[in-house]
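Chain by chain, the residues:
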Amino acid sequence: KSGARPAPSQCIGNHCQIKGGQHRNIVIENNVFAGGNQGNPSGVCVNLVGMENVVVRENEVSEYGRGVRVYSYDKSYTKAGKKIQATGEDGICRNVLVAKNRISKPSGTYKSSGVWVSAANGRHGNVTVRDNLIGESGGMKYAVDVNHCDGGYVSENQGDGLVKVGNTCDGVILVHVQS
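Definitions and limits used
- Residues numbered from 1 in each chain as written.
- Predicted model: local features only at pLDDT ≥ 70, side-chain atom pairs only at ≥ 80, totals over all residues.
- Heavy atoms only, no water.
- Phe/Tyr/Trp six-rings, centres within 6.5 Å; stacked < 30°, edge-to-face > 60°.
- Buried < 20%, exposed > 50% of the residue type's maximum accessible area, 1.4 Å probe, protein only.
- Helix = DSSP H or I, 4+ residues; strand = E, 2+ residues; numbered from the N terminus.
- Salt bridge = Lys/Arg side-chain N within 4 Å of Asp/Glu carboxyl O.
- Core = buried A, V, L, I, M, F, W, Y, C linked by side-chain atoms within 4.5 Å.
- Contact = heavy atoms within 4.5 Å.

Draft legend 1. Structural context of the packing of aromatic side chains. Considering all chains together, one arrives at 2 aromatic pairs under this definition. When the ring of Tyr71 is compared with that of Tyr73, the centres are 5.1 Å apart and the planes differ by 85 degrees; the resulting orientation is edge-to-face. Of the two residues, Tyr71 and Tyr73, neither departs from the other in class, the shared state being buried. An angle of 20 degrees between the planes, with centres 5.5 Å apart, marks the rings of Tyr71 and Trp116 as stacked. Taken together, the positions of Tyr71 in the loop between strand 7 (64-70) and strand 8 (75-77) and Trp116 in strand 12 (residues 113-117) put the pair 45 residues apart, joining distant regions of the chain.

Draft legend 2. Molecular detail of the pattern of salt bridges. The full count for this structure, using the stated rule, is 6 salt bridges. Here Glu89 and Arg94 are joined by a salt bridge, their closest N and O atoms 2.6 Å apart. A residue is classified by how much of its surface remains accessible, and Glu89, at 47% relative accessible area, is partly exposed. A relative accessible area of 29% places Arg94 in the partly exposed class. Among the ionic pairs, Lys164 bridges to Asp145, the shortest N-O distance being 3.3 Å. One end of the pair, Lys164, is in strand 17 (residues 162-165); the other, Asp145, is in strand 15 (residues 142-146), with 19 residues separating them in the sequence. Relative accessible area serves as the criterion here: at 6%, Asp145 is assigned to the buried category.

Draft legend 3. Local environment of the nonpolar core. Within the largest apolar cluster, 29 residues are counted, with the highest numbers of intra-cluster contacts made by Val46, Leu48, Val56, Val68, Val96, Val115 and Val146. When contributions to this core are tallied by element, the ones reaching two or more residues are strand 4 (40-48), strand 5 (51-57), strand 7, strand 10 (94-99), strand 12, strand 13 (124-130), strand 15 and strand 16 (149-159). Excluding residues within four positions of it along the chain, Val115 makes contact with Val68, Val98, Ile103, Val129, Ile134, Ala143, Val144 and Asp145.

Draft legend 4. Representation of unusual backbone geometry within the structure. Of note in the backbone geometry, Lys100 takes a positive phi value of approximately 55 degrees without being a glycine. Structurally, Lys100 is set in the loop between strand 10 and strand 11 (102-104). For Lys100, a relative accessible area of 46% gives the class partly exposed. At Asp131, a position not held by glycine, the phi torsion is positive, near 55 degrees. Note that Asp131 resides in the loop between strand 13 and strand 14 (133-135).

It is worth stressing that arrangement in space is one thing and function is another; only the former is reported here.
Rendered as structure tokens:
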């Protein structure tokens with residue numbers, strides 16, 4: 001947190017996706033991300049693109065448009081840096097656990113959500129969002145919004161906002177939600 005500088009648009013994660021590339025075996029745990037008065041209303045605190053076997057656990061996130069985003073873009077980059085159309089598995093995330101995080105005070109109106117899963121290319125696999133405290137101050141439309149995903153669970157999340165498992169999902173189980 002800085003009193004003088006704006007919060008970064010992304011704290012941890014990818015800003016683009018590499019053609020055919022994936023990051024694996026990542027743990028993001030026990031961090032505090034505070035946007036403060038300089039919060040970024042369109043910012044994403046943790047941005048997961050093209051990752052496999054990821055745990056995002058026991059973090060505190062405040063004043064970001066989105067706390068955790070699992071996403072794939074419609075464009076990829078070659079190793080030489082050329083921008084190309086994404087195909088197949090580009091950017092897809094698999095085996096992601098988002099658990100026991102506290103995501104509060106969403107800033108702005110940029111489709112604010114605690115955890116947002118979506119894909120402009122392909123379908124994510126086995127994304128679980130459970131035991132999170134999300135919201136605490138209203139302002140977000142969805143506490144959890146899951147789309148373009150095959151397999152996973154959304155369970156035992158508490159706080160403000162709606163929980164949505166979109167019709168673009170297959171095999172994602174909504175177990176229990178508390179408000």
